[in-house]
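Below are the chains, spelled out letter by letter.
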Amino acid sequence: MSLKREPPPTPVVPDFREIFETQFSYLWHVLKRLGVAERDLEDLTQQVFMQVHGQLPKFVSTRPLRPWLFSFAYHAASNYRALSRHRVELSIVAPEQADTTPFADEQLITRQELELAELALSCMALERRAVLLLHEVEGHSVPEIADSLSIPLNTAYSRLRLARQEYEQAVRRLRAQRGES
Amino acid sequence: MKPLETLRALGTGGDAPADAKQRVYGALMASLGATAATAGAAALAKSATLPPAPLIAGLSSAKALAVAAGIWLIGGATGAALYGALHPQEVRVVYVDRPVFSNSVAAPVTAPAPVPSASNAAVDPVLDPLPKRLASASAASASPASVLSRERALLDLARESAAHGEPALVLARTEQHRAQFPRGKLTEEREALAIRALLSLGRAAEARTRAQAFHLAYPHSLLTPAIDSALSAP
């Protein structure tokens, strides 16, 4: 009987402490943009890091780290929002008020505009918001996003297309509410 | 500016509140406490302790044991030697895979440096004979894997003493570890054990001095919150 065996592959596992140090702010803001209330951010961030710690040995180091981390935040935010006590009425938007006024192309980005962008994000459905954040804000490819969120590639493309529309419509509504042109 | 351009300008956000980060870190360490070990240490320990079960299936029990023991020794020693050769300066073992104290102190994990020796004289010199597992580990070769096993076995004894509420014995074991492995890979854990043992013995001043050395040697230690928490406990 042959007892030859292949040498075990050298495990390459990211250091949890390093991930915490370098990615805490990232996950904090992701959770916030996924709708976690300010008062619950610490608990949710801790919860996400606990899950990251548990799954770290399974992480494939050749994959990009942030989409992987994002998936934990996404699922945590989904569960969080599923709890009735965390549901938030988005009364900030008047859906019936649509505004098709075009934007000026050349404008400096003001603080108000950035706040408007954050507000528009908060109006979006979570699954589309997640795709939009990963692609437009973080610059990940759609296949990467599909992989990290465990959704079919076509679904990811579809969500991205709908997310762009939804986001732009939300911006228009918010601008109309503010009386901006 | 178009809406999507503004969205891209958001970026991934600035720094999160530092105090929130500190609190989350402390809570994480408290939760992970006794089970948090670095992935590298866990992987190393796993590779050194798991016998290749599938390979011995089908053999008689005696042969299987012999084969398993041989493979375990060869595989462990080879793996550790390769690991040590490839990463000679990067290995930092943090060994916290079980609770250490039955009292209020949580289990920390990392490694400190030179520590004041004032407490040496006060250490209980009377130790039980080394248990078989430690003697067995001591009899092994001086390969990195066997050295680590001996370190671990010794600290396991200290941990067991702590669980039985015998801080004097814990301190004696940690001093024994320091004498045998002055540059060991588990010195960080040893110091954490020693600091808590000193606190349990009411030797707070020594514990604080030793903790200061710990903080200097390991300013970013995973065990810092646990040690600080123990020091600040009434």
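Conventions used here
- Residues numbered from 1 in each chain as written.
- Chains lettered and ligands numbered in written order.
- Predicted model: local features only at pLDDT ≥ 70, side-chain atom pairs only at ≥ 80, totals over all residues.
- Heavy atoms only, no water.
- Helix = DSSP H or I, 4+ residues; strand = E, 2+ residues; numbered from the N terminus.
- Buried < 20%, exposed > 50% of the residue type's maximum accessible area, 1.4 Å probe, protein only.
- Contact = heavy atoms within 4.5 Å.
- Areas by Shrake-Rupley, 256 points an atom, 1.4 Å probe, with all protein chains shown as cover.
- Salt bridge = Lys/Arg side-chain N within 4 Å of Asp/Glu carboxyl O.
- Axes fitted to C-alpha atoms, helices over the stretch in contact; angles between N-to-C directions.
- Parallel < 35°, antiparallel > 145°, perpendicular 65-115°, else oblique.
- Left-handed = near helix turned anticlockwise from the far one by under 90°.
- Nonpolar A, V, L, I, M, F, W, Y, C, P; charged D, E, K, R; others polar.
- Core = buried A, V, L, I, M, F, W, Y, C linked by side-chain atoms within 4.5 Å.
- Domains from an automatic or database assignment.
- Phe/Tyr/Trp six-rings, centres within 6.5 Å; stacked < 30°, edge-to-face > 60°.

## Looking at the overall build of chain A
- Along the backbone of chain A there are seven helices and zero strands.
- Helices and strands appear in chain A in the N-to-C order α-α-α-α-α-α-α.
- Here chain A, with 181 residues, has 45% of them falling under the buried criterion.
- Long-range contacts, defined as pairs at least 24 residues apart, comprise 74% of the intrachain contacts of chain A with a sequence gap of at least 6.
- Counting every atom, chain A has about 9900 Å² of accessible surface; 50% of that belongs to carbon and sulfur.

## Observations regarding the overall build of chain B
- Helix and strand content of chain B: 11 helices and zero strands.
- For chain B, the succession of helices and strands along the chain, N to C, is α-α-α-α-α-α-α-α-α-α-α.
- Considering chain B as a whole, with its 234 residues, one finds that 44% of them fall into the buried category.
- At a minimum sequence separation of 6, the contacts of chain B that also span at least 24 residues come to 71%.
- In the form shown here, chain B has an accessible surface area of approximately 11200 Å², with 62% of it arising from carbon and sulfur atoms.

## Some words on the pattern of salt bridges
- For the coordinates displayed, the defined rule picks out 21 salt bridges over all chains.
- Ionic pairing is found between Arg23(B) and Glu42(A), a salt bridge with its closest N-O pair at 2.6 Å. Linking Arg23(B) in helix 2 (residues 18-32) with Glu42(A) in helix 2 (residues 41-55), this pair reaches from one chain into another.
- Residue Arg23(B) is classed as partly exposed on the basis of its relative accessible area, which comes to 46%.
- For Glu136(A), the salt bridge goes to Arg8(B), with nearest N and O atoms at 2.7 Å. Taken together, the residues span two chains, with Glu136(A) in helix 5 (residues 126-137) and Arg8(B) in helix 1 (residues 3-9).
- Residue classification places Glu136(A) among the buried residues on the basis of a relative accessible area of 6%.

## Things to note about the packing of helix 2 of chain A against helix 2 of chain B
- With their axes 10 Å apart at the nearest point, helix 2 of chain A and helix 2 of chain B run at an angle of 45° to one another. Here helix 2 of chain B runs oblique to helix 2 of chain A, going by the angle between their axes. Helix-helix and strand crossings are classified by hand; for helix 2 of chain A and helix 2 of chain B the assignment is right-handed. Residues Glu42(A), Gln46(A), Phe49(A), Met50(A) and His53(A) of helix 2 of chain A lie in contact with helix 2 of chain B, whose contacting residues are Ala20(B), Arg23(B), Val24(B), Ala27(B), Leu28(B), Ser31(B) and Leu32(B).
- Split into classes, the residues belonging to the contact of helix 2 of chain A with helix 2 of chain B amount to seven nonpolar, three polar and two charged.

## Remarks on the nonpolar core
- In this structure, Leu34(A), Phe70(A), Leu132(A), Leu149(A) and Tyr167(A) are the most contacted members of the largest nonpolar core, which totals 64 residues.
- For this core, the two domains that each supply at least three residues are domain 1 (13-87) and domain 2 (102-181) of chain A.
- Discounting chain neighbours no more than four positions away, the residues touching Leu34(A) are Phe70(A), Ala73(A), Tyr74(A), Ala77(A), Arg81(A), Leu126(A), Arg129(A), Ala130(A) and Leu133(A).
- With 19 residues, the next largest nonpolar core counts Leu148(B), Leu186(B), Ala194(B) and Ala197(B) among its residues.

## With respect to helix 5 of chain A
All names here are of chain A.
- Taken across its 12 residues, helix 5 has nine buried, putting it largely inside the fold.
- Those residues of helix 5 lying buried are Leu-126, Arg-129, Ala-130, Val-131, Leu-132, Leu-133, Leu-134, Glu-136 and Val-137.
- Positioned one or two residues after helix 5, Gly-139 has a phi angle of 80°, which is positive.

## Some details on unusual backbone geometry
- The backbone phi angle of Ser150(A) is positive, close to 55°, even though this residue is not glycine.
- For Ser150(A), the location among the structural elements is in the loop between helix 6 (142-149) and helix 7 (153-177).

## A look at the side chain of Arg203(B)
- Here Arg203(B) is to be found in the loop between helix 9 (187-200) and helix 10 (204-217).
- Residue classification places Arg203(B) among the buried residues on the basis of a relative accessible area of 17%.

## Quick word on the packing of aromatic side chains
Residues and elements named next belong to chain A.
- Using the criterion set out here, one finds eight aromatic pairs over all chains in the structure.
- When the ring of Phe-59 is compared with that of Trp-68, the centres are 4.5 Å apart and the planes differ by 45°; the resulting orientation is tilted.
- For Phe-59, a relative accessible area of 6% gives the class buried.
- Assessed through its relative accessible area of 8%, Trp-68 is described here as buried.

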